[in-house]
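Observations on the three-dimensional arrangement
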Amino acid sequence: MNFRSIEEKIQTEQAISRQEAEDLFKQGSDQELAHLASLTRKRFHRPNEATYLIMAIINYTNVCVAKCDYCSFYRLPHQEGTYLLSFEELCERIDQLSSHGGTLVGFNGGFHPKLQIQDYGALFAKIHQKYPKLTFYEMTIAEFMFSCKISKISYQEGAEILKSFGTEWITGGGAEILDDQFRMRHSPGKFKTDDYFKAQEAVLDAGLGSTATMVIGFDETIEERFNHLEKLRNFQEKVDRKLSSFLCWTYKPWNNELGGKEISTQDYLRWLAISRIYLHNFINIRTSVLTRNEDALLGLKYGANDFDIPTEDEVTEKAGATISLDFSRILENCENLGFKPIHREAWTRPSSTKFKERC
Ligand code: SF4
């Protein structure tokens, strides 16, 4: 590996090749990865600041027919313990978040066989009306795809329907590893990778905002991980850099069919650094307090610039995640690492023009 040549490319804001990224991941020391990731981060963000917001992921239903083997959360329809939250119950959860000073709600459920796009749209419209000051990430792209399927409409039509109800954001959630061999092993009923990108494109074309996500630490190969990053980077170019952020979680191995062991913080940080360096066309790289707790803040030294402080997420809590409401300790930790924590507003939906201006 030619470290100097990779460093020079980063200093001159050139994209590094996949081969260079793979070499760096395999051969670079932790310090080298942190250094190069911080250099890349500096293109877009002040080196000694980090942004955050307080958010909840509200799991409105645990009914799902996808049967992913790494999932600890779902129940099949008619199984015991299924639920679908009512509007009033959702409002109670949103009120709880507001009482903690939270400003962002992400809705995340399952592949519910009876919820059509119109149902989601109508529910979101009521929620917007009641909470005009909060930001909502209303569905994951995975749920959107499934709902379009059972509504018997195209992704373009689905995105237009959501837009007509006032939806502004969905997320790239449910991506895990975007590689079809991985998907066939663990979630054959969920979606194929090409289809995922078609849905993302339709959502962005309709003028809605979306994000990129990844989950590592199952049994994926390094090649499968890099396939994920390469596809994302190419897609981000294709859509004129409109995905607003990239967030990497880690798999929690408890209470599900797949099981296994959790990856170490060091593995997570090294992957975060590679993501920042290789995904040169993403402004915002976020580190996951939800799945790594306070160790996630170390990610700020490995290229991340932003983090959420979560107040709830049943999906990851069922799989072993713990959530702390001691916000001041988290923020103090951030400062101790040399980053001034700045509470941010929700991002506006990005346009390629903004990206170029900030570059
Ligand atoms: S990960 Fe999501 S899609 Fe897969 S079974 Fe769980 S809830 Fe369903």
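Not measured: the values here are computed from a predicted model.

**Notes on the site of the ligand**
Around the ligand there are 13 residues in total, and C64, A66, C68, C71 and G110 lie nearest to it. Of the residues assigned to the shell around the ligand, the class counts are 8 nonpolar, 3 polar and 2 charged.

**Focus on the nonpolar core**
Grouped together as the largest cluster of nonpolar side chains are 97 residues, with contacts concentrated most on A273 and I277. It is helix α11 (residues 265-278) that provides the largest number of residues to this core, a total of 8 residues. Those residues in contact with I277 that sit more than four places away from it in its chain are I10, I16, A21, L24, L36, A37, T40 and G303.

**Quick look at helix α3 (residues 30-41)**
The terminal C-alpha atoms of α3, which comprises 12 residues, lie 16 Å apart, in line with the 16 Å expected from a rise of 1.5 Å per residue. Where α3 is concerned, the buried positions are L33, A34, L36, A37, T40 and R41. Turning to α3, the residues buried within the fold contact α1 (3-11), α2 (18-27) and α11.

**Quick word on unusual backbone geometry**
Positive phi, close to 45°, is recorded for E176, a residue that is not glycine. Relative to the helices and strands, E176 resides in the loop between β4 (169-171) and α8 (180-186). In this structure, N255 is a non-glycine residue whose phi angle is positive, near 60°. Assignment of secondary structure puts N255 in the loop between β6 (245-250) and α11. Exposure remark for N255: the 12 C-beta atoms within 10 Å place this residue in the exposed category.

**A few points about the confidence of the model for the protein**
In this model, the protein carries a mean pLDDT of 93, and residues with pLDDT of at least 70 account for 97%. Predicted confidence for residues 352-359 stays below pLDDT 50, and this span has 9 contacts to residues more than four positions away or in other chains.

**Structural notes on α11**
Taking 1.5 Å of rise per residue, the 14 residues of α11 would be expected to cover 20 Å, and the 20 Å separating its terminal C-alpha atoms lies within 8% of that figure. The buried count for α11 comes to 11 of 14 residues, which makes it a mostly enclosed element. Of the residues making up α11, those classed as buried are Y268, L269, R270, W271, L272, A273, I274, S275, R276, I277 and Y278.

Each value, and the rule that gives it
- Residues numbered from 1 in each chain as written.
- Predicted model: local features only at pLDDT ≥ 70, side-chain atom pairs only at ≥ 80, totals over all residues.
- Near = placed C-beta within 6 Å.
- Nonpolar A, V, L, I, M, F, W, Y, C, P; charged D, E, K, R; others polar.
- Core = buried A, V, L, I, M, F, W, Y, C linked by C-beta atoms within 7 Å.
- Buried ≥ 20, exposed ≤ 12 C-beta atoms within 10 Å, placed from the backbone.
- Helix = DSSP H or I, 4+ residues; strand = E, 2+ residues; numbered from the N terminus.
- Contact = placed C-beta atoms within 7 Å.
- Expected span 1.5 Å × (residues − 1).
- pLDDT = per-residue confidence, 0-100.

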